[in-house]
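Each chain, letter by letter, is given below.
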Amino acid sequence: MNLTSILVYVDNTKRSERSLAAAAKLARENDAHLIGLAVRPPVAIPTYASVHVPQEVFEMYEKDLDEQMAAAKAQFDHAMDLAGWQSRSEWATARGDIGVAMCTEGRAVDLIVMGQENEDDDPLQYRGVPDYVILESGRPVLLVPYAGRVENFGKRVVVGWNGSRESARALKDALPFLNKASEVEIICVNPPEDEELFGSDAARFLAQHGINARVSREIAKDITPEDVLLNSVADGDADLLVLGAYGHSRIRELILGGVSNHILKRMTTTVLMSH
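Residues numbered from 1 in each chain as written. Predicted model: local features only at pLDDT ≥ 70, side-chain atom pairs only at ≥ 80, totals over all residues. Heavy atoms only, no water.

**A look at the overall build of the protein chain**
For step 1, the next point in the chain: Counting its regular elements, the protein chain contains 11 helices and 10 strands.
For step 2, the next point in the chain: Residue pairs at least 24 apart in sequence account for 79% of intrachain contacts in the protein chain once pairs closer than 6 positions are excluded.
For step 3, the next point in the chain: When the accessible surface of the protein chain is summed, it comes to about 13600 Å², and 50% of that surface belongs to carbon and sulfur atoms. (Helix = DSSP H or I, 4+ residues; strand = E, 2+ residues; numbered from the N terminus. Contact = heavy atoms within 4.5 Å. Areas by Shrake-Rupley, 256 points an atom, 1.4 Å probe, with all protein chains shown as cover.)

**A short note on the packing of aromatic side chains**
For step 1, the next point in the chain: Summed over all chains, the structure comprises two aromatic pairs.
For step 2, the next point in the chain: On the basis of an interplanar angle of 20° and a centroid distance of 5.7 Å, the ring pair of Y9 and Y126 is categorised as stacked. Here Y9, found in strand β1 (residues 5-9), pairs with Y126, found in the loop between β4 (111-115) and α5 (129-136); they are 117 residues apart in sequence, far enough to count as distant.
For step 3, the next point in the chain: When its relative accessible area of 6% is taken as the criterion, Y9 is described as buried. (Phe/Tyr/Trp six-rings, centres within 6.5 Å; stacked < 30°, edge-to-face > 60°. Buried < 20%, exposed > 50% of the residue type's maximum accessible area, 1.4 Å probe, protein only.)

**Brief notes about helix α6 (residues 165-173)**
Along an α-helix, residues three or four apart share an orientation, since each turn contains 3.6 residues.
For step 1, the next point in the chain: All of the buried residues in α6 are E166, S167, A170, L171 and D173. The buried residues of α6 occupy an angular sector of 165° when the element is viewed end-on, so they sit on one face. (Arc of directions from axis to C-beta.)

**A closer look at the pattern of salt bridges**
For step 1, the next point in the chain: Tallied over the entire structure, the rule returns 12 salt bridges.
For step 2, the next point in the chain: E17 serves as the salt-bridge partner of K14, at 3.5 Å between the closest nitrogen and oxygen. Taken together, the residues span about one helical turn, with K14 and E17 both in helix α1 (residues 14-30) at a distance of three residues.
For step 3, the next point in the chain: Looking at K14, the relative accessible area reads 55%, which means it is exposed.
For step 4, the next point in the chain: One salt bridge connects R156 with E183, and the closest N-O pair in it is separated by 3.6 Å. Of this pair, R156 sits in strand β6 (residues 156-160) while E183 sits in strand β7 (residues 183-189), and the two are 27 residues apart along the sequence. (Salt bridge = Lys/Arg side-chain N within 4 Å of Asp/Glu carboxyl O.)

**Quick word on α5**
For step 1, the next point in the chain: Along α5, the residues that are buried comprise V129, P130, D131, V133 and I134.
For step 2, the next point in the chain: Once α5 ends, the next one or two residues include G138, with phi positive near 75°.

**Section: the confidence of the model for the protein chain**
For step 1, the next point in the chain: Looking at the protein chain, the pLDDT average stands at 87 and 88% of residues meet or exceed 70.
For step 2, the next point in the chain: Mean pLDDT across the elements of the protein chain bottoms out in helix α10 (residues 250-256) (49) and peaks in β1 (98). (pLDDT = per-residue confidence, 0-100.)

**Brief notes about the environment of E119**
For step 1, the next point in the chain: Within the fold, E119 resides in the loop between β4 and α5.
For step 2, the next point in the chain: Overall, the relative accessible area of 49% leaves E119 in the partly exposed class.
For step 3, the next point in the chain: The sequence separation of E119 and K265 amounts to 146 residues, and the corresponding C-alpha distance is 8.9 Å.
For step 4, the next point in the chain: Those residues in contact with E119 that lie beyond four places of it in its chain are R127 and K265.

**Let's talk about the environment of S167**
For step 1, the next point in the chain: Mapped onto the fold, S167 is located in helix α6.
For step 2, the next point in the chain: For S167, a relative accessible area of 3% translates into the label buried.
For step 3, the next point in the chain: Along the primary structure S167 and Y246 are separated by 79 residues, whereas in three dimensions their C-alpha atoms are 9.8 Å apart.
For step 4, the next point in the chain: Discounting chain neighbours no more than four positions away, the residues touching S167 are G160, W161, N162 and G244.

**Some thoughts on the packing of helix α4 (residues 98-106) against α5**
For step 1, the next point in the chain: Contact pair α4 / α5: the axes reach a minimum separation of 9 Å and the direction vectors enclose 35°. For the pair α4 and α5, the sense of crossing is right-handed. Each of I98, G99, V100, M102 and C103 in α4 lies in contact with α5, whose residues at this interface are V129, Y132, V133 and E136.
For step 2, the next point in the chain: For the contact of α4 with α5, the per-class residue count stands at seven nonpolar, one polar and one charged. (Axes fitted to C-alpha atoms, helices over the stretch in contact; angles between N-to-C directions. Left-handed = near helix turned anticlockwise from the far one by under 90°. Nonpolar A, V, L, I, M, F, W, Y, C, P; charged D, E, K, R; others polar.)

**Re unusual backbone geometry**
For step 1, the next point in the chain: Of note, the phi angle at D31 is positive, near 50°, even though the residue is not glycine.
For step 2, the next point in the chain: Mapped onto the secondary structure, D31 falls in the loop between α1 and β2 (33-40).
For step 3, the next point in the chain: The residue N190 is not glycine, and still its phi comes out positive at about 55°.
For step 4, the next point in the chain: By the element assignment, N190 lies in the loop between β7 and α8 (200-208).

**Details of the side chain of R40**
For step 1, the next point in the chain: Within the secondary structure, R40 is located in strand β2.
For step 2, the next point in the chain: Its relative accessible area of 9% is what places R40 among the buried residues.
For step 3, the next point in the chain: Not counting chain neighbours up to four residues away, the residues in contact with R40 comprise E62, L65, D66, M69, A94, R95 and G96.

**Regarding the pairing of β1**
For step 1, the next point in the chain: Counted residue by residue, β1 has five buried out of five residues, so it is predominantly covered.
For step 2, the next point in the chain: Judged by which residues are buried, β1 turns out to be covered on both faces: S5, L7 and Y9 on one side and I6 and V8 on the other are all buried.
For step 3, the next point in the chain: When β1 meets β2, the two strands line up parallel, connected through five bridges. Following the sheet pairing, V8 is matched in β2 by G36.
For step 4, the next point in the chain: You can see the chain leave β1, run along α1 and come back into β2, and the turn it takes is right-handed.
For step 5, the next point in the chain: In the sheet, β1 pairs with β4 via three bridges, with the strands oriented parallel. Bridging across to β4, L7 finds its partner in I112. (Pairing = 2+ DSSP bridges. Right-handed = clockwise from strand over helix to strand, strands pointing away.)

Set out below in structure tokens:
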């Protein structure tokens, strides 16, 4: 099973440079069509104030946006030149909200690639966008960390499994990655005490697809379940974490944190999430 089409968000930042490198790698490995998308934000001037703003200000703002969009396309073209993927790539633009645009375009591809949100450096327009796209796109989303290594990811894969709908969806969506992995480990954190074989169903599913995976069952004692997963990734030198996103309600995730929300903030390797 291969990916046939990939969408990557581009905005001429270091974040999208890393996302482009990851997306190009996947496109080459899967002989996939790669779409780069830049989103032109709306004019950030309240309507009630617009009548008092000189026309020159609007013109300067639009010119700045033109330059930003041109720079994003140049970044995309350069990445495709480096990857030798010009003939299998496509440039697209949209207007409005980044998350909405990514979901609209992303629902017609196999995979969406985005950079991890960095609260210290990201513009306001990008805040919460990866979360939104994971929840609303209906497609698996590969998050590329803003720090840590991203080259050659997908060799050692950790799959978080709790038997939920979200983890089942993530396991199925990860098949194009797992088929190419050299090592796959399924980690069950705090499994039910009366189920000694918890996680074996996930391993059996993968075996039916020709994928050999080992199952580990971990008990979170002095740390949170999400830190158990992150520690397992680090200890095993894994380069991809597969996880079902937002098993609880989104409101509860925002208030209480939650596994997926915590990992989105602390991840240092690529993460594939599905909802």
